[in-house]
Amino acid sequence: MESLLQDLRYALRTLRRSPGFALAAGLTLALAIGANTVIFSALYATLLKPLPYREPERLVRVWDAQVGVDKASASASEVLAWRQSRAVAGIAAYDRADLNLTGTDAPQRVNAARSTANLFDLLGVHPQLGRGFTEDEAQEGAPHVAVLSDAFWHRQLGGDPQVLGKSLTLNGESYTVVGVLPADFSFGENSQDADLWVPHPLKTDKPGSHYLSVLARLAPGASVKAANEDLTRLNEAFWRAQGEPIPHATLVMDWRESLTRQTRGGLLMLLGAVAFVLLIACANVANLTLVRALSRQRDGAIRAALGASRLRQVRQALAESVLLALGGGLVGLVLALWGMDLVRILTPSSMARLSPATLSVPALLYNFGLSVGCGLLFGLLPALHVTRGELTPLLKSGGAQAGALGHHPMRSALVVLQLALALVLLIGTGLTLRSVHNQATAQLGFEPEHVLTARITLPPEKYPDPARMRAFFEQVQQRVRSLPGVEQAGFVNNAPLWGSNVNGDFTIEGRQGAPGERLVTEFQIASPEYFGAMGIPLKRGRNFGPQDTDTSPGVVIVNETFAKTFFPGQEAVGQRINLGWKENEPAREIIGVVGDVRHMALKQGPVPESYVPLAQMQMNRMVLALRAKGEPTALVSSVRQEVLAVDAQQPVYDLQSYGDRLDSLLRQDRAATRLLGALAVLALVLAGVGIYGVMAYTVGQRTRELGIRRALGAQQTQVLSLVLGQGARLTLVGLGLGLAGAYLLGRVAQSILYEVSASEPAVFLGVSAGLAAVALAACWLPARRASQVDPAISLRAE
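Please read these numbers as outputs of a predicted model, since none were measured by experiment. (Residues numbered from 1 in each chain as written. Predicted model: local features only at pLDDT ≥ 70, side-chain atom pairs only at ≥ 80, totals over all residues. Heavy atoms only, no water.)

Moving on, we come to the overall build of the chain. A count of helices and strands for the chain gives 24 helices and 23 strands. For the chain, buried positions account for 51% of its 798 residues. Here the contacts in the chain between residues at least 6 apart in sequence split such that 81% fall between residues at least 24 apart. For the chain, the exposed area adds up to about 35300 Å²; of that, 57% sits on carbon and sulfur atoms. (Helix = DSSP H or I, 4+ residues; strand = E, 2+ residues; numbered from the N terminus. Buried < 20%, exposed > 50% of the residue type's maximum accessible area, 1.4 Å probe, protein only. Contact = heavy atoms within 4.5 Å. Areas by Shrake-Rupley, 256 points an atom, 1.4 Å probe, with all protein chains shown as cover.)

Turning our attention to the pairing of strand E3 (residues 88–102). Most of E3 sits inside the fold, with 13 of its 15 residues counted as buried. Note that E3 and strand E10 (residues 213–218) share 6 bridges and pair antiparallel. Bridging from a neighbouring strand, Ala93 pairs with Val214 of E10. Across 8 bridges, the pairing between E3 and strand E4 (residues 108–115) is antiparallel. Looking at E4, one finds that Asp95 is bridged to Arg114. Joining the antiparallel neighbours E3 and E4 is a turn of 5 residues, in which Gly103 adopts a positive phi near 85 degrees. Relative to strand E7 (residues 167–170), E3 runs antiparallel, the two sharing 2 bridges. Looking at the pairing, Leu101 lines up with Leu170 of E7. (Pairing = 2+ DSSP bridges.)

On to the nonpolar core. Core analysis: the largest hydrophobic core is formed by 69 residues, its most contacted members being Leu278, Phe378, Leu419, Leu425, Ile427, Leu679 and Ile691. Of all the secondary structure elements, the ones that give two or more residues to this core are helix H2 (19–48), helix H7 (255–295), helix H9 (310–346), helix H11 (361–386), helix H14 (409–440), helix H20 (667–701), helix H22 (716–749) and helix H23 (761–787). Each residue touching Leu419, except ones within four places of it in the same chain, is listed here: Ala687, Ile691, Leu730, Thr731, Gly734, Leu771 and Ala775. Grouped together as the second largest cluster of nonpolar side chains are 42 residues, Tyr463, Met469, Phe473 and Val556 included. (Core = buried A, V, L, I, M, F, W, Y, C linked by side-chain atoms within 4.5 Å.)

So, on to the pattern of salt bridges. Under the definition given, this model contains 20 salt bridges. Asp95 is the salt-bridge partner of Arg114, the closest N and O atoms lying 2.8 Å from each other. Of this pair, Arg114 sits in strand E4 while Asp95 sits in strand E3, and the two are 19 residues apart along the sequence. Arg114 gets classed as partly exposed once you look at its relative accessible area, which sits at 27%. (Salt bridge = Lys/Arg side-chain N within 4 Å of Asp/Glu carboxyl O.)

For the rest of this paragraph, the subject is unusual backbone geometry. Not every positive phi belongs to a glycine, and Asn171 is a case in point at roughly 55 degrees. Examined against the element boundaries, Asn171 turns out to sit in the loop between E7 and strand E8 (173–180). The residue Asp654 is not glycine, and still its phi comes out positive at about 55 degrees.

As enumerated under the stated definition, the model contains 22 aromatic pairs in all. Relative to Trp197, the ring of Phe185 lies with its centre 6.4 Å away and its plane at 65 degrees, an arrangement referred to as edge-to-face. Placement of Phe185 in the loop between E8 and strand E9 (196–199) and of Trp197 in strand E9 is noted, with a sequence separation of 12 residues between them. For Phe185, a relative accessible area of 14% puts it in the buried group. Ring geometry for Phe187 and Trp255: centres 5.7 Å apart, planes at 45 degrees, overall tilted. Of this pair, Phe187 sits in the loop between E8 and E9 while Trp255 sits in helix H7, and the two are 68 residues apart along the sequence. Considered together, Phe187 and Trp255 belong to a single accessibility category, that of buried residues. Site record: aromatic cluster; members linked through ring pairs are Tyr53, Tyr94, Phe120, Phe133, Phe185, Phe187, Trp197 and Trp255. (Phe/Tyr/Trp six-rings, centres within 6.5 Å; stacked < 30°, edge-to-face > 60°.)

And the structure:
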């Protein structure tokens, strides 16, 4: 222990005597270790930190698996059937509910969730006030009760401790408050936390009505695979009993995995990127350490002659490198604090609430372990290299020449490594930039500029029949369309890129489907003006018109993908299909074909889609889309006023321009790309500095040789070519290795790229040329200095 303390004290003294080296190496390591700490914090919070529920490793997400739809919501009948499973200890269902809160200064939309009575017990969550739901309260016709979130309790009711037993008017009915959830409770499935929860009675309904999300807790000792097999068995038995020729299966997945599956690949990619930067930084510092060690090689020889073992000298060198790395890691923590805002952008909103990213104890331990590891990594090889030489030549030589003895290929190997790693990172960044650009400029199928959207949910208690709903939406549409600055306005039940959809089976009149064939389409309900408001072009046929009423024959408009998929080589207009939304509903005639729209996600291409006129099919939750002549957000207050003019108790919410919506969809990808870009620039700088340092060192060691060449008649251009040739050889080797590595890693990352080949020639060639230019520019300055060596001065110095 005493000898270790001596080594540390000696290392501190030597670093104090070399402030330039300590500052350069420490700052390099601080940037690299800080970036690694930031990304680890995001990865730990998202993928590793236990979810804040009881035994979270036993919580699983359950989907209904159908032909053509891998992950479908479940029906209540299926959930009741699954409760017979022995592989799960409990199973709960929930869905979203938009409720209107009245009895306040102004009507408000409440973000509510409906769940079975056992959800909170399944999660192991206990209200801070009151209780959860009882099974009796989750029955049809039971008195209405509600459990509030802590945020809603404080925001709406001022945190009143006497809140239990008070009533809220939701959708025109009275709900009694029976509990308040803990302040730190968050539910991972919701994009935003619910303001309140109400019971959802499970009852046997139409088997094809799939709308429930399902969460289950594995029985003790049961695996995800066993649960999947058991629930599939129950599901198949249920659907056979319904006479379904192709029974549905189930898909069971670890809950955390289901919550993070869309961001897992991106986070791992960023972790790999910062790891590359760290390796480049270590190679850079190893080069600096090697130069410093070579300059002190004679001192080491004297210590060895006095009896110091090679192990002791290596340990001394490692104490210095680890101390330097720990200093860099400490500064990296400060840099990581500045980067935590970026971490929160990179994590999904649901996970950011469930498991906030902070500089936690694991992150601090990771930073410490990384610092020690880096110190050992960049310190060990130089220490072993410089302590292996013969003592006699070193003791006879002068201190100025000790470091020049022999050839040191390690420095060249480190530079090649830096260039290869930098090229892999730069190519990966280039591919990602192309991917994000392709998403941002993808053909959406509609014109998002100058479009404002707003959601309206009518309470079924106040609007119990289609006629009332239709009358409300028609009045709102007429009033909004007459506003100054509004070009067109229409309604649709699910707007593009809102993350919600409705799909189902349909049949084609006069066509017998093949055994096992299933025809699936996305369903939309739209007013005639919707297509114009969104800029969706009509390709063939006609739009909905005043002749399409609730008493006229049913009609439908389909998109081009629908027409090409189900009527290849035929004209879709005039064909008849049965959507099966109502019992014994007659077939509908296809009257038009509109352009394809990216509906669910930017990365997901168009799918078969069909539109039914609002006059023939009503839904209580609709999206208003209006096209403005100018800035659409300037119409927000006017839209609210027009809705209230139709119904003073009806709130309108989610008012947002499509430009803002698209920006939010690309927010995480753009943040990741900015970070990747910063890391790539850092890697480029480090690689350039690395090759410059090697060439400058080489020129310094070859001063006498170059002077002799000049004295014997070598021209400046010949000396310049000689030095540049050496740098070019290192660059070519590094580029060759980097291209091979980039190609292999690109194959792995192909799944997270959008419309970009993992071996995109333009990116590979462009980035390689750019890095080669930087490397050769870094070689140019030492080469130019070498070509100007005065032979008389260099020979006189010898």
